[in-house]
Amino acid sequence: MSFDTLGLHAALSRAVADAGYTEPTEVQSRAIPPALAGRDLMVSSSTGSGKTASFVLPALTKVLAARGDGTQRRDRSAPQGPRILVLTPTRELAMQVAKAAVDYGRHVPGLRVATIVGGVPYGAQLKALRGPLDVLIATPGRLIDHMESGRAMLANIEMLILDEADRMLDMGFIEPIHHIAAATPKTRQTMMFSATFAGHVGRLAEELLREPQRIDVSSHTEAHADIEQRLHWADDLEHKNALLDHILTERSMEQAVVFTSTQRDADWLADRLADMGHHVASLHGGHPQGRRTRVLQGLRSKQLKILVATDVASRGIDVPSISHVINYGLPMKAEDYVHRIGRTGRAGRAGLAVTLAERRDAQMVHRIQHFTTQRIPAATIAGLEPKRVEPKPFARTERPAGKSFGPRPNGRPFKPAGKTFSKNGPSRAPR
Ligand code: ADP
Ligand code: MG
């Protein structure tokens, strides 16, 4: 399968060749033709599979079609509003999509792309909204702000794209999405990308899409072929830190994203690693946009070797040299595990995803394994083997009959009989 068979405009085929792509990924070859034919689509496909181009290329095709034969001049006096609207959950992802639109649109004459995201001043955004615009990429909250002040014109939208729709709903954007969609013409084409179409994402799809074609390239149960997964059991925080330090100094370590459960942990751990001499920064939703942009830039330019991040900050991190993803704090939801490990093994490179779990994390490990229907192979590092026996995440069925364990606070796994924790309980990072 080559890009030529997809029916792309020559300007786009050239840009794709400039990017060095020789053939479309599976999601691209399956989504682009129906998208070009005007169909509504609901697409799920694993992270790193090339979804961005699968909607940006059809979107740019619409822009090119509107340019006509190039003889018509745009009427600059009339406010025109964009033809294409892409909604993304985070600022980083919006920036990523914008970059893709500019890259793939490099041979589209006079292409105008703007981003409307939170955490940055309004001035430049207002200016972008006033001028002629082809593609608008926005996070829902800030776009709503501009709509309420009458600055965002959505009456000419021909194509609405929801990227990572599941994430947007998780972040509470259901109302803004409905509000935004209602401001666009009913005749629009709509494409929705989501890891899952279960539950409320499926209901949103029913409301926004017309006779959508469903494209399901790979489910979350499919192994990430390019990502090796490993699980290290840690006795306590000190042991966990020793494991982390070892992994971060391995020779194969090019760049790593270390995930923590909370913003506080991210800052705390980044400080600790910086004290040890690592080139490291933290990235989480509590940081101002300027800092987040700088940090991602530092990662891309390799000035930073380690990024300590929370889940919210993780989407939109697309840096192919990330060799390691390390789960220092487990995610709150099993599906976030899949998104985290998708930060490595990108663009066909090999990646390693290491999970450092303490005993109290056993239940989450179990939930992740259940969600992906894969076991994460347990591993040890010579000299840093856990002293305790490996916890049994499936302890429920192995409980000795007739013995009462009493209530289980916090939903944590049972302490195995005969073992005691240290006086202060399992030690932990500030959470
Ligand atoms: P997703 O949105 O599915 O997580 P992206 O669209 O961010 O994935 O693409 C992941 C990476 O793959 C990006 O670095 C992108 O440049 C690269 N990529 C996309 N399409 C192709 C292709 N056809 N050939 C080679 N690399 C590609
Ligand atoms: Mg994507």
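Thresholds applied
Residues numbered from 1 in each chain as written. Chains lettered and ligands numbered in written order. Predicted model: local features only at pLDDT ≥ 70, side-chain atom pairs only at ≥ 80, totals over all residues. Heavy atoms only, no water. Near = heavy atom within 4 Å. Polar contact = N/O pair within 3.5 Å; in protein donor to acceptor, adjacent residues only side chain to side chain. Areas by Shrake-Rupley, 256 points an atom, 1.4 Å probe, with all protein chains shown as cover. Nonpolar A, V, L, I, M, F, W, Y, C, P; charged D, E, K, R; others polar. Buried < 20%, exposed > 50% of the residue type's maximum accessible area, 1.4 Å probe, protein only. Helix = DSSP H or I, 4+ residues; strand = E, 2+ residues; numbered from the N terminus. Pairing = 2+ DSSP bridges. Axes fitted to C-alpha atoms, helices over the stretch in contact; angles between N-to-C directions. Contact = heavy atoms within 4.5 Å. Phe/Tyr/Trp six-rings, centres within 6.5 Å; stacked < 30°, edge-to-face > 60°. Salt bridge = Lys/Arg side-chain N within 4 Å of Asp/Glu carboxyl O. Arc of directions from axis to C-beta.

### Focus: the site of ligand 1
- Around ligand 1 sit 15 residues, and of these Tyr21, Gln28, Gly48, Lys51 and Thr52 come closest.
- Contacts to ligand 1 include tyrosine 21, whose side-chain N or O atom sits 2.5 Å from an oxygen atom.
- At a separation of 3.1 Å, an oxygen atom of ligand 1 approaches a polar backbone atom of glycine 50.
- Taking 570 Å² as the accessible area of ligand 1 by itself, protein coverage stands at 80%.
- For the shell around ligand 1, the class distribution of residues is three nonpolar, eight polar and four charged.

### A look at the pairing of strand S2 (residues 84-87)
- Here S2 shows a buried face lined by Ile84 and Val86 and a second buried face lined by Leu85 and Leu87.
- Looking at chain direction, S2 and strand S4 (residues 135-138) are connected through four bridges and run parallel. Bridge assignment links leucine 87 to a residue of S4, and that residue is alanine 138.
- As paired elements, S2 and strand S5 (residues 159-162) share four bridges and run parallel to each other. From the neighbouring strand, isoleucine 84 faces S5, where its bridge partner is methionine 159.

### Focus: the sheet that holds strand S7 (residues 213-216)
- Here we have seven strands laid out as an open sheet, ordered S3-S4-S2-S5-S6-S1-S7, and parallel in their pairing. Each having just a single partner strand, strand S3 (113-116) and S7 make up the two edges of the open sheet. Each strand of the sheet is rotated relative to its neighbour by a mean of 15°, with strand direction disregarded.
- This element, helix H9 (residues 199-208), spans strand S1 (41-44), S5 and strand S6 (189-193) of the sheet and lies at about 170° to S6.

### Quick look at the packing of aromatic side chains
- For the structure on display, the rule yields three aromatic pairs.
- Plain terms: the ring middles of tyrosine 21 and tyrosine 104 are 6.1 Å apart, the flat faces sit at 65° to each other, and that makes the pair edge-to-face. One end of the pair, tyrosine 21, is in the loop between helix H1 (10-18) and helix H2 (26-36); the other, tyrosine 104, is in helix H4 (residues 91-104), and 83 residues separate them in sequence.
- Under the relative-accessibility criterion, tyrosine 21 is labelled partly exposed at 35%.
- The interplanar angle of 55° and the centroid separation of 5.1 Å between the aromatic rings of phenylalanine 55 and phenylalanine 193 together place this pair among those described as tilted.

### Some thoughts on the pattern of salt bridges
- Under the defined criterion, the tally for this structure stands at 16 salt bridges.
- The salt bridge involving arginine 106 is made with aspartate 18; its shortest N-O contact spans 3.6 Å. A residue pair is termed long-range when its members are at least 10 positions apart, and arginine 106 in the loop between H4 and S3 and aspartate 18 in helix H1 qualify at 88 residues.
- Its relative accessible area of 53% is what places arginine 106 among the exposed residues.
- According to the relative accessible area criterion, aspartate 18 is partly exposed, its value standing at 40%.
- One salt bridge in this structure joins aspartate 336 and arginine 167, with 2.9 Å as the shortest N-O distance. Separated by 169 residues along the polypeptide, aspartate 336 in helix H14 (residues 334-341) and arginine 167 in helix H7 (residues 165-170) bring together distant segments of the chain.

### Looking at helix H8 (residues 174-182)
- When we look at burial in H8, the residues that qualify are Pro176, Ile177, Ile180 and Ala181. Viewed end-on, H8 has its buried residues packed into an arc of 130°, placing them on one side of the element. Residues of H8 that are exposed and point more than 90 degrees away from the buried face comprise Glu175 and Ala182.

### Section: the environment of aspartate 145
- Inspection of the secondary structure puts aspartate 145 in helix H6 (residues 140-148).
- Note on aspartate 145: relative accessible area 33%, which makes it partly exposed.
- Separated by 29 residues in sequence, aspartate 145 and isoleucine 116 place their C-alpha atoms 10.0 Å apart.
- One polar contact links aspartate 145 to tyrosine 122, side chain to side chain, over a distance of 2.8 Å.

### Looking at the sheet that holds strand S12 (residues 322-327)
- If you walk across this open sheet you meet the six strands as S8-S13-S12-S9-S11-S10, and the pairing is parallel. Each of the sheet's edge strands pairs with one partner strand only, and the pair in question is strand S8 (227-234) and strand S10 (280-283). The average undirected angle you get between the axes of adjacent strands in this sheet is 20°.
- Against the sheet, H14 touches S8, strand S9 (255-259), S12 and strand S13 (351-358), its axis set at about 155° to S12.

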